[in-house]
Amino acid sequence: MTHADTKPDYDALVIGGGITGIYQVYLLDMAGMSVLGVEAAEDVGGTWYWNRYPGCRLDTESYAYGYFALNGIIPDWKWSENFAGQPEMLRYVNAAADAMGVRRHYRFNSKVSAAHFQDVGGLWKVTLSMRSKLEDGDAYVAWTFSSIHRPPKPKPAPRTPSTPTPPPPDLPAWKARLKNI
Ligand SMILES: Cc1cc2nc3c(=O)[nH]c(=O)nc-3n(C[C@H](O)[C@H](O)[C@H](O)COP(=O)(O)OP(=O)(O)OC[C@H]3O[C@@H](n4cnc5c(N)ncnc54)[C@H](O)[C@@H]3O)c2cc1C
């Protein structure tokens with residue numbers, strides 16, 4: 001804990017540096033929040049970092065994984081195969097992390113090992129364990145503490161005339177249609 005118990009060290013904590021974690025860190029940074037990413041591995045990639053067995057690849061088509069390209073983060077990304085293999089997937093996540101500049105927010109080789117919400121002050125007290133190099137291998141030995149705010153409740157998006165409230169589903173009509181299938 002680097003501050004008094006009532007002052008957060010970070011506005012937000014993101015656990016994991018896979019495709020969803022790095023994008024979450026990016027969005028929080030863009031929103032002007034101080035964010036800490038924590039990843040047990042030594043770099044980003046998540047699933048595609050950990051799974052490296054021969055033949056490891058997507059089982060959905062690559063374009064369905066094209067999130068970062070579609071959002072203009074790596075717009076020129078071209079998949080080399082319809083079902084990309086793990087090496088390409090890891091390159092893809094790394095390219096997205098580079099483009100978003102998120103690594104500077106991450107603490108790698110670190111695990112979130114506990115998180116306790118404190119009613120007084122409304123803060124999370126988070127425990128990290130960090131991997132250290134030892135003579136006989138790696139071990140999680142060092143501990144540090146951090147605290148973050150209770151996340152603000154998101155406000156519902158205002159409805160405008162262009163986004164009318166959808167009508168409730170016509171359940172009797174659906175049931176009738178299902179009977180005929
Ligand atoms: C072999 C394989 C093939 C797949 N193929 C497809 C596919 O074709 N299509 C599809 O849509 N999905 C597929 N998936 C699912 C895939 O996991 C998701 O698509 C996606 O990668 C999940 O991303 P994520 O960032 O949410 O989680 P992950 O990629 O799982 O990343 C989570 C990260 O969090 C870290 N972490 C977890 N707990 C902690 C902690 N306490 N402290 C610090 N770090 C922590 C982990 O080390 C990990 O790096 C596949 C999964 C596997 C394993």
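Note that the structure is a prediction, hence the values are computed from the model and not measured.

1. A few points about the overall build of the protein chain
From N to C terminus, the protein chain includes five helices and six strands. Listing each helix as α and each strand as β along the protein chain from the N terminus yields β-α-β-α-α-α-β-β-β-β-α. For the protein chain, with 181 residues in total, the buried portion stands at 33%. Long-range pairs, those at least 24 residues apart, make up 53% of the contacts in the protein chain between residues at least 6 apart in sequence.

2. Some details on the confidence of the model for the protein chain
Per-residue confidence for the protein chain gives a mean pLDDT of 80; residues scoring 70 or more make up 69%. A low-confidence stretch, residues 139-145 stays under pLDDT 50, and its non-local contacts, those more than four residues away or across chains, total 29 contacts.

3. Side note on the environment of Leu90
Within the secondary structure, Leu90 sits in helix α4 (residues 86-100). You can call Leu90 buried: its relative accessible area is 13%. Separated by 41 residues in the primary sequence, Leu90 and Tyr49 have C-alpha atoms spaced 6.3 Å apart.

4. Describing the sheet that holds strand β3 (residues 106-107)
The strand order across the open sheet built from three strands is β1-β2-β3, with neighbouring strands paired in parallel fashion. In the strand order of this sheet, the two ends are held by β1 (12-15) and β3, each with one partner. Note: strand β2 (residues 35-38) against β3, two bridges, orientation parallel. Paired with Val38 across the bridge in β3 is Arg107. The sheet contacts of helix α1 (residues 19-30) involve β1, β2 and β3, and relative to β1 the element is tilted by about 165°.

Each value, and the rule that gives it
- Residues numbered from 1 in each chain as written.
- Predicted model: local features only at pLDDT ≥ 70, side-chain atom pairs only at ≥ 80, totals over all residues.
- Heavy atoms only, no water.
- Helix = DSSP H or I, 4+ residues; strand = E, 2+ residues; numbered from the N terminus.
- Buried < 20%, exposed > 50% of the residue type's maximum accessible area, 1.4 Å probe, protein only.
- Contact = heavy atoms within 4.5 Å.
- pLDDT = per-residue confidence, 0-100.
- Pairing = 2+ DSSP bridges.
- Axes fitted to C-alpha atoms, helices over the stretch in contact; angles between N-to-C directions.

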